[in-house]
Amino acid sequence: AVSTTSGPEVAVKFAHREKIPADQWVVDAQHGMIPREVHILSRLDHTNIICLLDYYADVRYVYVVTECHGVPWSSASSTNWTTPLSVKTHPGWRGPTRLDRTPCDLFECIEAHHRLPESVIQSIFAQLLSAVQYLESRGIVHRDLKDENVAVDANYTIKLIDFGSAAFFERDRRVVERFQGTMAFAAPEIIRGLPYDQLKAEIWALGVLLY
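Residues numbered from 1 in each chain as written. Predicted model: local features only at pLDDT ≥ 70, side-chain atom pairs only at ≥ 80, totals over all residues. Heavy atoms only, no water.

**Some details on the side chain of Thr66**
Okay, step 1: Checked against the element boundaries, Thr66 lands in strand 5 (residues 61-67).
Okay, step 2: Each residue touching Thr66, except ones within four places of it in the same chain, is listed here: Val10, Ala11, Ile50, Cys51, Leu52 and Leu53. (Helix = DSSP H or I, 4+ residues; strand = E, 2+ residues; numbered from the N terminus. Contact = heavy atoms within 4.5 Å.)

Printed below as a string of structure tokens:
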């Protein structure tokens, strides 16, 4: 979407109120009952984590407005890029208004390359580690780390997105039974249906991402 007051593009995530589980609502001192995702994002400030700009709701939907990060990668234009591309020369660029924007995530970025240079991989992964380490320092686990939840721009700067599964954790109560996330990135104990350590599961998911 485009902000009518400030001008730049923004990303708007919206969901049916009735489809948000009861345990994903929290009481916020300022806003009252809000989705946990909004509660968490409003407390974060990190270069590699998407920035919350606004939140509002009506009788049917809740709307989470964040900064819009990344360029529309296109697997149809595969090439062996070894240097960052400027946005306007990117083969997936569609101009300033892109209502049909193709995905801007790491999955599409990988698909659009014949080979990602090791230096780029190192940079992307270092940024991911920084974001996850910051979350841990704030007592938060993302719980759905995957390539589709990493937005990437033309300079390979990343931002972690989609905090719909994120939660706070207590240092002495990290082991849980209920799984939140994507099975392809789940640790072996999760696949076996066993209780799992949330922080260790985050590290496993990072390993899958690096692979």
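**Some details on the sheet that holds strand 1 (residues 10-16)**
Okay, step 1: A sheet is described by the order of its strands in space; here three strands give the open sequence 1-5-4, paired in antiparallel fashion. Of all strands in the sheet, those bounded by a partner on one side alone are strand 1 and strand 4 (52-57). On average, adjacent strands in this sheet sit at an angle of 15 degrees to one another, irrespective of strand direction.
Okay, step 2: Looking at chain direction, strand 4 and strand 5 are connected through five bridges and run antiparallel. Following the sheet pairing, Ala57 is matched in strand 5 by Val62. (Pairing = 2+ DSSP bridges. Axes fitted to C-alpha atoms, helices over the stretch in contact; angles between N-to-C directions.)

**A few points about the nonpolar core**
Okay, step 1: Of all hydrophobic cores here, the largest spans 42 residues; its most connected members are Leu44, Ile49, Leu128, Val152, Tyr156, Leu160 and Phe163.
Okay, step 2: Ranked by the residues each element gives to this core, the list is headed by helix 3 (residues 118-137), at eight residues.
Okay, step 3: In terms of nonpolar packing, the next biggest core, distinct from the first, is built from five residues, Ala186, Ala187, Ile190 and Ala201 among them. (Core = buried A, V, L, I, M, F, W, Y, C linked by side-chain atoms within 4.5 Å. Buried < 20%, exposed > 50% of the residue type's maximum accessible area, 1.4 Å probe, protein only.)

**Concerning the pattern of salt bridges**
Okay, step 1: Scanning the entire structure with this criterion turns up seven salt bridges.
Okay, step 2: In this structure, the salt-bridge partner of Glu37 is Lys13, at a minimum N-O distance of 3.0 Å. Remark: Lys13 occurs in strand 1 and Glu37 occurs in helix 1 (residues 36-41); sequence separation between them is 24 residues.
Okay, step 3: The partner of Asp162 in a salt bridge is Lys13, with the nearest N and O atoms 2.8 Å apart. One end of the pair, Asp162, is in the loop between strand 8 (158-160) and strand 9 (167-168); the other, Lys13, is in strand 1, and 149 residues separate them in sequence.
Okay, step 4: A cluster of three or more residues bridged by salt bridges with shared partners is formed by Lys13, Glu37 and Asp162. (Salt bridge = Lys/Arg side-chain N within 4 Å of Asp/Glu carboxyl O.)

**A word on the confidence of the model for the protein chain**
Okay, step 1: Looking at the protein chain as a whole, its pLDDT mean stands at 85, while 86% of the residues score no less than 70.
Okay, step 2: This model gives residues 75-99 a pLDDT under 50, and the stretch forms 47 contacts once residues within four places in sequence are excluded. (pLDDT = per-residue confidence, 0-100.)

**Quick look at the pairing of strand 5**
Okay, step 1: With six of its seven residues buried, strand 5 lies for the most part within the structure.
Okay, step 2: Here strand 1 pairs with strand 5 via seven bridges, running antiparallel. Across the sheet, His16 pairs through a bridge with Tyr61, a residue of strand 5.
Okay, step 3: The antiparallel pairing of strand 4 with strand 5 creates a hairpin that spans three residues between the two strands.

**Some remarks on the side chain of Arg36**
Okay, step 1: Assignment of secondary structure puts Arg36 in helix 1.
Okay, step 2: No salt bridge is formed by the buried Arg36; the nearest opposite charge belongs to Asp23, separated by 5.4 Å.
Okay, step 3: Within the local environment of Arg36, its side chain forms a polar contact with the backbone oxygen of Asp23, the two atoms lying 3.4 Å apart. (Lys, Arg positive; Asp, Glu negative; His and termini not counted. Polar contact = N/O pair within 3.5 Å; in protein donor to acceptor, adjacent residues only side chain to side chain.)

**Notes on the packing of aromatic side chains**
Okay, step 1: Tallying each qualifying case throughout the model produces six aromatic pairs.
Okay, step 2: Ring geometry for Tyr61 and Tyr63: centres 6.1 Å apart, planes at 55 degrees, overall tilted.
Okay, step 3: A residue is classified by how much of its surface remains accessible, and Tyr63, at 17% relative accessible area, is buried.
Okay, step 4: For the pair Phe179 and Tyr196, a centre-to-centre distance of 6.4 Å together with 65 degrees between the ring planes defines the contact as edge-to-face. Here Phe179 is found in the loop between strand 10 (175-176) and helix 4 (188-191), whereas its partner Tyr196 is found in strand 11 (residues 196-197), with 17 residues between them in sequence.
Okay, step 5: On the accessibility criterion, Tyr196 (4% relative accessible area) is buried.
Okay, step 6: Taken together, Phe14, Tyr56, Tyr61 and Tyr63 form an aromatic cluster joined through their ring pairs. (Phe/Tyr/Trp six-rings, centres within 6.5 Å; stacked < 30°, edge-to-face > 60°.)

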